[in-house]
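# Breakdown of the fold
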Amino acid sequence: MKIDMSPDAVAKRLKLVNELRKVCLSLAKSSAGREIIERNPKNNTVQRTLAALGNKK
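Residues numbered from 1 in each chain as written. Predicted model: local features only at pLDDT ≥ 70, side-chain atom pairs only at ≥ 80, totals over all residues. Heavy atoms only, no water.

## Overview of the overall build of the protein
- From N to C terminus, the protein includes three helices and zero strands.
- Radius of gyration (C-alpha) of the protein: 15 Å, far over the 10 Å computed for a compact globule of 57 residues.
- When each of the 57 residues of the protein is scored for burial, the buried share is 12%.
- When the accessible surface of the protein is totalled, it reaches about 5200 Å², and 59% of it is carbon and sulfur.
- Side-chain charges in the protein split into 13 positive and 5 negative, and the spacing between the mean points of these groups amounts to 7 Å. (Helix = DSSP H or I, 4+ residues; strand = E, 2+ residues; numbered from the N terminus. Rg over C-alpha atoms; globule rule 2.2 N^0.38 Å. Buried < 20%, exposed > 50% of the residue type's maximum accessible area, 1.4 Å probe, protein only. Areas by Shrake-Rupley, 256 points an atom, 1.4 Å probe, with all protein chains shown as cover. Lys, Arg positive; Asp, Glu negative; His and termini not counted. Charge placed at Lys NZ, Arg CZ, Asp CG, Glu CD.)

## A short note on helix 1 (residues 7-28)
- The terminal C-alpha atoms of helix 1, which comprises 22 residues, lie 32 Å apart, in line with the 32 Å expected from a rise of 1.5 Å per residue.
- Looking only at helix 1, the buried set comprises Ala9, Leu25 and Ala28. The buried side chains of helix 1 occupy one side of the element, clustering within an arc of 140° when seen end-on. The exposed residues of helix 1 that point more than 90 degrees off its buried face are Asp8, Lys12, Lys15, Lys22 and Leu27.
- Elements in contact with the buried residues of helix 1: helix 2 (31-39) and helix 3 (44-53). (Expected span 1.5 Å × (residues − 1). Arc of directions from axis to C-beta. Contact = heavy atoms within 4.5 Å.)

## Let's talk about the environment of arginine 13
- Assignment of secondary structure puts arginine 13 in helix 1.
- Along the chain, arginine 13 and proline 41 lie 28 residues apart, while their C-alpha atoms are 32 Å from each other.
- Not counting residues up to four positions away in its chain, the partners in contact with arginine 13 are Ile3, Asp4 and Met5.

## Digging into the pattern of salt bridges
- Counted according to the given criterion, the structure contains one salt bridge.
- A salt bridge links glutamate 35 to arginine 39; its shortest N-O distance comes to 3.8 Å. Of this pair, glutamate 35 and arginine 39 are both found in helix 2, four residues apart, which corresponds to roughly one turn of the helix.
- Classification of glutamate 35 as partly exposed rests on a relative accessible area of 43%.
- The exposure class assigned to arginine 39 is exposed, which follows from its relative accessible area of 56%. (Salt bridge = Lys/Arg side-chain N within 4 Å of Asp/Glu carboxyl O.)

## Notes on helix 3
- The N-capping residue of helix 3, defined by a side-chain oxygen 2.7 Å from the backbone nitrogen of threonine 45, is asparagine 43.
- A positive phi of about 90° marks glycine 54, the residue just after helix 3. (Polar contact = N/O pair within 3.5 Å; in protein donor to acceptor, adjacent residues only side chain to side chain.)

## Details of the confidence of the model for the protein
- On average, residues of the protein score 91 in pLDDT, and 96% of them reach the 70 mark or higher.
- Taken element by element, the protein is modelled with least confidence in helix 3, mean pLDDT 90, and with most confidence in helix 1, mean pLDDT 94. (pLDDT = per-residue confidence, 0-100.)

Spelled out as structure tokens, the structure:
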């Protein structure tokens, strides 16, 4: 499989990744996300998400 590395294709993928990142971070701010943060404060993924949100626990 050949990956399209044209400037337009790369820009489109970067935009998609940015949108997905924003969605994931907004979900982490939801009540379900806060519950997971409270239940698993020592989990590495939870800690990275908190750092991305600008929180330090």
